[in-house]
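# Observations on chain architecture
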Amino acid sequence: MNPVTYQRASSLAEAVRLAESSQLLGGGTNLVDLMRKGVERPSQLTDVTALSAAIAATDDGRLVIGAAARNSAVAAHPLVRSRHPMLSRAILAGASAQVRNMATVGGNLMQRTRCLYFADVAGSRCNKRQPGSGCDAAGGFERYHAIIGASPACSATHPSDMCVALAALDADVRIVGPAGKRTVALVDFHRLPEDRPDQETALKQGEVIEAIEIPDAPFAARSDYRKVRDRASYAFALVSVASGLTLREGRIDEIRIAFGGIAPKPWRAYRAEAALRGVVPTAEAFKAAADLELAEATPLAGNAFKIALAKRTLAAVLTDLSGDDR
Amino acid sequence: MSKVQNAVVGSVRTVLGWVPSQWLPGGTPDPLIARRAAVGRQASRLDGPLKVAGKARFAAEVAVERLTYATLVHSPVARGRITHLDTSAAESAPGVNLVLTYRNMPRIESPALISLSDFSAVGNSALPILQDAEIRYNGQVVALVVAETQEQADHAASLLVIGYAPTKPTTRFQDAQAEARTPESLLVERNHVSVGRAERELARAAHRVDNHYRTPWQNHSAIELHALTVIWDGEDSLTVHDATQMIAPSAVVLAKLFGLKKDQVRVLSPFVGGGFGGKGLWDHQIVAIAAARLLGRPLRLMLTREGVYRIIGGRSPTEQRVAIGADGDGRFTALIHSGHSVMPTYGACPEPFTLGSRALYRAGSFEMLQHHVDLDVVPNTFMRAPGEAIGSFALESAVDELAHEMGIDPIDLRLRNEPERHPISGAPFSQHARRQAFTDGAKRFGWERRQREPGARREGEWRLGLGCATGSFPYARMPGASARITLRRDGAAVVACSAQEMGMGTATVQTQHAADRLGLPVSAVVFKLGDSALPAAPMAGGSSQTASVAGAIIAAAAKLTGELVRLAGNDSPIAGLRAGEVHLVDGGVGAIGDAARHEEYRSILARAGREEITVTATGSPPLEMLKYAMHSTSAIFCELRVSDATGEIRVDRLLGSFDCGTILNPQTAASQFKGGMIMGLGLALTEETLFDERSGRIMNPSLADYHIPVHLDVPEIEVMWTGIPDPRSPLGARGIGEIGITGVAAAVANAVFNATGRRVRELPITLDKLL
């Protein structure tokens, strides 16, 4: 590990001031790992865990979660559990209890891909680490890689479970920078790799994530998160599905769907949602919607199974959510 | 017979002429089989409280003054040469004491390869250790950086500038298969077994299966990382606190490599956090010891998890063919097992996956042959039940396939082919109750709930299935195991040898054993181990340590008996009796068959004016292995569910029913069985080294990416045993360390087939194979 100076921001304003020349440190559950591996080599770290960790509802029913809130605190919060169960379940599907106790919401948004070649500084080329250097994952182990939204430069997936739920929940990211405050929809916060896979988010140098905001909505209360992976716990998703819906007179009224594990960012399934709105929930309808969403999927040698897996997992989640016993 | 057995047999044949009679074939069974008090009792580990309190000091925790810390640097290319080496930045970094590369590493030989005919040879690789600029596999050690703190060493290591001129490596299994070698022997077992004309019998069999099975690379993932603390006292006294399962042999080899006398080297390893075959002598010890000598300061090297994957070999991948022919009644007429595994020319372990198949079933004909694929890799090594763990996956899947094909219950099919004697050698079994293990296990497990037709049981989106398999693992007792007994006048005894405690309960069980052997309560006995200064025990491997150490204690107790009879003299109640007419019982020496003639140790020692008696003896040669086929066997049962939607597998229940002779301590034994079975679950479902065949590089060298089962993957596990003593072994016991994993992968695969109708012949059984 490289020598590094560490400082702690005691206010948002101080964090913004320090962010210009340093890297922000939340729980350290990803950044410190990457520093140990030499993937990240910051010379200055600013600890932002003293910023707001509050979880509270606003008067208009939106839930505001401070960026320093620990993942475990969010998952356990009564408002989250009752209004947004998919978020609670998504967080609990990730990492381990120890990691969730450390990890922050802001850090979760900023975590980087778990591509094995990205992590292998000594032995592998990676366009995300070093733009233009090449990608050794291509033709290598691509089981965990994207089937949609990737580029020739990079097909790594975003590893977060929480962000998949946030994408489905229409969450916003509140950002503060030298120029003031702005809000970015979570679905726009992460960007697709194209030819600059090193640029992963909309956050600019000098900006700090203040909070996320989640609107209250009936579909969010009837929601679930299902994660499919290579062992029962402590593994990244091969495919995950976050979804919530409401029914009216036997038809789907509101519906939100997001996939994890299949794309470089949390993949909001707008096409599938559109296809299912106003439709009687049947296995055929679910399949047609999934087919539509993944029509342009282009699998790699090692992950073609993800197309079928994503479709079947979506169908299983929707079958469950639209069932009578809900 | 297994490789270990055969090696042992080979080495003892020569000494047949002068051995004592106790373990001669047909000799008297160990009297403790019938007369035991502590042995067989449930007892918590004696070292449990120390471990719970964090007071058990492992190799990387020994406190030493003026300690330095080291970091290894690994080659990122598989073949080639170092063409540029700039150590200046690293050397001038804060706190750095030494940067060791091939340029300043002392010239030193590589240790002799592990061999079962030379029990002091313990090397895993014949490659030079930091001796030249050549790179021979991806991950090879190219430098060691030593500094005042671990962080300084780690940082300085990142400042090394090393340039390589890579050449094309051989790293593709399939490509190298064409050039595979066919060795004469697998260690000392002959490779080619041919009984009858198996291919012809197979072709004309009424029923047959003939398929290929694949198993992946696997790596050792013991919770304790490989580590050592090295202390040189001058140039000619070396102390190494090592995490090793071969204490005495390591001391012998290190003395030779570093030009010392045997008594100038001491290896200490009182606690090891899991060995499984991986905690042997590898490059890191040699490099660290050399660096500490150059530096003249104590040094600690603990591998990173990545380092363990890079320089400690694991389990070789295999491609196996198993074919079985059967007549209309299901009797095997042909059994064929062949295939390929990796073994570099410079490695020591041939991954003998066909050996288990030689002991399991009677058959009209046999054909077995293995081929070695030569790759540029860190040499694979022994990993819990090497050979048997993955060989049984292929064989026992095939048996299940044949049972399905014939419409016979798979247990029934197995029992129809139960051998009366060893199927190849014809030797009688010393004790063999696998039929009972199967029957008892099936009853406890509720095997009758199994539906013969695959996919017949459902719960929601889940399909449920049951499967079973059997395993066989050979008994071995290593020659040359020694022990010392010190009996004090106060009636307490200290028993000592350099045995290894890797968490399986060796200290506890041998204390129980020694107490019974000496006729003392457990509280009066201390068992010392983990130190090469003690009488030498063999390495812990091949599930042989318990029997080997027990044999040594038996020999020492016999010698002690003779001493006591002599000391007792003519004024004792046992006067006039010979050593063979007495036994050690009730804290003293008593006449066999006459409880009235007995004298306590304290009385004998007091009269003789002695404070204590010390005897040291070496266990008799393991002649029991000459005449008898001695194997631990098992019946493994698995119940699981497979999601129709996602292909996910959830194991609901696992049961192991074992026939392993006397179980010495139900508590430690159950833990060891369960640990093996959990490792079997990993083998079946999750474990796979992602070896990139383009670069020869392991891509998942971390426990986040190399998937061993987590708690949520591990179901309720039941273990049971026949407990029938083996009349030919010390205490009636056979090894239990490796039988637990053997058969588990096949039981899981067979349950998956029963649940889904899908036959997966490639491990691990990941969900994509079931979509």
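Remember, predicted model here, so these are calculated numbers, not experimental data. (Residues numbered from 1 in each chain as written. Chains lettered and ligands numbered in written order. Predicted model: local features only at pLDDT ≥ 70, side-chain atom pairs only at ≥ 80, totals over all residues.)

## As for the overall build of chain A
Note the threshold: We count a stretch as a helix when DSSP gives it H or I for four or more residues in a row; a strand needs E for two or more, and each element gets its number in order from the N terminus. With C-alpha atoms as the basis for the radius of gyration, the globule rule is written as 2.2 Å multiplied by the number of residues raised to the power 0.38. Residues with at least 20 neighbouring C-beta atoms inside 10 Å of their own are called buried, those with 12 or fewer are called exposed, and the rest are partly exposed, where every C-beta is derived from the backbone. Remark: residues whose backbone-derived C-beta atoms lie within 7 Å of one another are considered to be in contact.
For chain A, the helix and strand inventory stands at 13 helices and twelve strands. Over its C-alpha atoms chain A spans a radius of gyration of 19 Å, differing by no more than 12% from the 20 Å that the globule rule assigns to 326 residues. A principal-axis box enclosing the C-alpha atoms of chain A has dimensions of 60 × 50 × 35 Å. In chain A, which comprises 326 residues, the share counted as buried stands at 55%. Considering only contacts in chain A between residues 6 or more positions apart, those separated by 24 or more positions represent 64%.

## Details of helix H8 (residues 283-295) of chain B
Residues and elements named next belong to chain B. How we decide: Expected span of a helix, by definition, is 1.5 Å for each gap between consecutive residues, and there is one gap fewer than residues.
In a regular helix each residue adds 1.5 Å, so 13 residues correspond to 18 Å; H8 covers 18 Å between its end C-alpha atoms and thus fits that length. The set of residues buried in H8 consists of Asp 283, His 284, Gln 285, Ile 286, Val 287, Ala 288, Ile 289, Ala 290, Ala 291 and Ala 292. Looking one or two residues past H8, Gly 296 carries a phi angle of roughly 70°, positive in sign.

## A word on the packing of helix H18 (residues 666-686) of chain B against helix H19 (residues 744-756) of chain B
Residues and elements named next belong to chain B. Where we set the bar: The angle between two axes is taken between their N-to-C directions and runs from 0 to 180 degrees, where each axis is a line fitted to C-alpha atoms and a helix contributes only its stretch in contact. Angle categories: roughly parallel below 35 degrees, roughly antiparallel above 145, roughly perpendicular from 65 to 115, and oblique for all the rest. Two helices crossing with the near one rotated counterclockwise from the far one by less than a right angle form a left-handed crossing, whereas a clockwise rotation gives a right-handed crossing. Nonpolar residues are Ala, Val, Leu, Ile, Met, Phe, Trp, Tyr, Cys and Pro. Charged residues are Asp, Glu, Lys and Arg, and all others, Gly as well, are polar.
Between H18 and H19, the least distance of the axes is 8 Å, while the angle of their chain directions is 55°. Viewed along their axes, H18 and H19 adopt a mutual orientation that is oblique. Our pair here, H18 against H19, has a crossing hand that is right-handed. Facing Met 677, Gly 680, Leu 681, Leu 683, Ala 684 and Leu 685 of H18, the residues of H19 in contact are Val 744, Ala 745, Val 748 and Ala 749. Split into classes, the residues belonging to the contact of H18 with H19 amount to nine nonpolar, one polar and no charged.

## Observations concerning the domain arrangement of chain A
It is common to give the size of an interface as the accessible area that goes away when the parts come together. What counts here: Here the bounds of each domain stem from an automatic or database domain assignment.
Domain annotation for chain A reports domain 1 (5-47) and domain 2 (218-321). One C-alpha centre belongs to domain 1 of chain A, the other to domain 2 of chain A, and the line joining them spans 35 Å.

## A closer look at the interface of chain A and chain B
Contact with chain A, which involves 23 residues of that partner, is made by 28 residues of chain B. It is helix H13 (residues 305-321) of chain A that contributes the most residues to the side of chain A that touches chain B, six residues altogether. Tallied by class, residues from the side of chain A that touches chain B come to 13 nonpolar, six polar and four charged.

## Considerations on the sheet that holds strand E20 (residues 482-488) of chain B
Residue and element names in this part refer to chain B. Short version of the rule: Whether two strands pair comes down to DSSP finding at least two bridges between them.
Taken together, four strands build an open sheet; the order of strands is E22-E21-E20-E26 and the sheet is mixed. Of all strands in the sheet, those bounded by a partner on one side alone are strand E22 (525-528) and strand E26 (612-618). When strand polarity is set aside, the average angle formed by the axes of neighbouring strands in this sheet is 15°. By the bridge criterion, four bridges tie strand E21 (residues 493-496) to E22 in an arrangement that is parallel. Counterpart to Val 495 in the pairing with E22 is Phe 527. Against the sheet, helix H14 (residues 506-518) engages E21 and E22, with an angle of about 135° to E22.

## Let's talk about the pairing of strand E19 (residues 462-474) of chain B
Residues and elements named next belong to chain B. Of all 13 residues in E19, twelve are buried; the element is thus mostly enclosed. One ladder, built from three bridges, connects strand E18 (residues 457-459) with E19; its direction is antiparallel. Across the sheet, residue Arg 458 finds its bridge partner in E19, namely Arg 463. Counted along the chain from E18 to the antiparallel partner E19, the turn is two residues long, and its residue Gly 460 has a positive phi close to 60°. As paired elements, E19 and strand E27 (residues 631-643) share 13 bridges and run antiparallel to each other.

## As for the sheet that holds E19 of chain B
All names here are of chain B. As summarised here, the arrangement of the five strands in space is E18-E19-E27-E28-E31, forming an open sheet in which the pairing is mixed. At either end of the open sheet lies a strand with only one pairing partner, and these are E18 and strand E31 (716-721). On average, each strand axis in the sheet is tilted by 25° relative to the strand beside it, whichever way the strands run. For E27 and strand E28 (residues 649-659), the ladder comprises ten bridges, and the chain directions are antiparallel. Along E28, the bridge assignment pairs Ser 634 with Phe 658. Against the sheet, H19 touches E19, E27 and E28, its axis set at about 155° to E19.

## Quick notes on the domain arrangement of chain B
All names here are of chain B. By domain assignment, chain B separates into domain 1 (3-56 + 477-626), domain 2 (59-168 + 225-272 + 279-311) and domain 3 (185-218 + 314-476 + 627-770). Of the residues lining the interface, 39 residues belong to domain 1; the matching set on domain 3 comes to 35 residues. For the side of domain 1 that touches domain 3, the leading source of residues is helix H1 (residues 3-13), giving seven residues.

## Comments concerning the environment of Thr 561 of chain B
Residues and elements named next belong to chain B. Its location among the elements puts Thr 561 in helix H15 (residues 545-568). On the basis of neighbour counts, which here come to 19 C-beta atoms within 10 Å, the residue Thr 561 falls in the partly exposed class. Considering only alpha carbons, one finds Thr 561 and Glu 179, 382 residues apart in sequence, at a separation of 59 Å. When neighbours within four sequence positions are excluded, Thr 561 is seen to be in contact with Ala 579, Val 582, Leu 584 and Val 589.

## Things to note about the pairing of E27 of chain B
Taking burial as the measure, the 13 residues of E27 of chain B include 13 buried ones, the bulk of the element. As consecutive antiparallel partners, E27 of chain B and E28 of chain B are separated by five residues, and within that stretch Gly 647 of chain B has a phi angle of approximately 75°, a positive value.

## Concerning the nonpolar core
Here is the rule: A set of buried residues qualifies as a nonpolar core if it consists of Ala, Val, Leu, Ile, Met, Phe, Trp, Tyr and Cys joined through C-beta atoms within 7 Å.
Core analysis: the biggest nonpolar cluster contains 335 residues, and Ala 165 of chain A together with Val 145, Ala 288, Ala 291, Ile 324 and Val 748 of chain B have the highest contact counts within it. At 13 residues, the largest contribution of residues to this core is made by H15 of chain B. Once residues within four sequence positions are removed from consideration, Ile 324 of chain B is found in contact with Arg 208, Val 209, Phe 332, Ala 334, Leu 335, Ala 398, Val 399 and Leu 402 of chain B.

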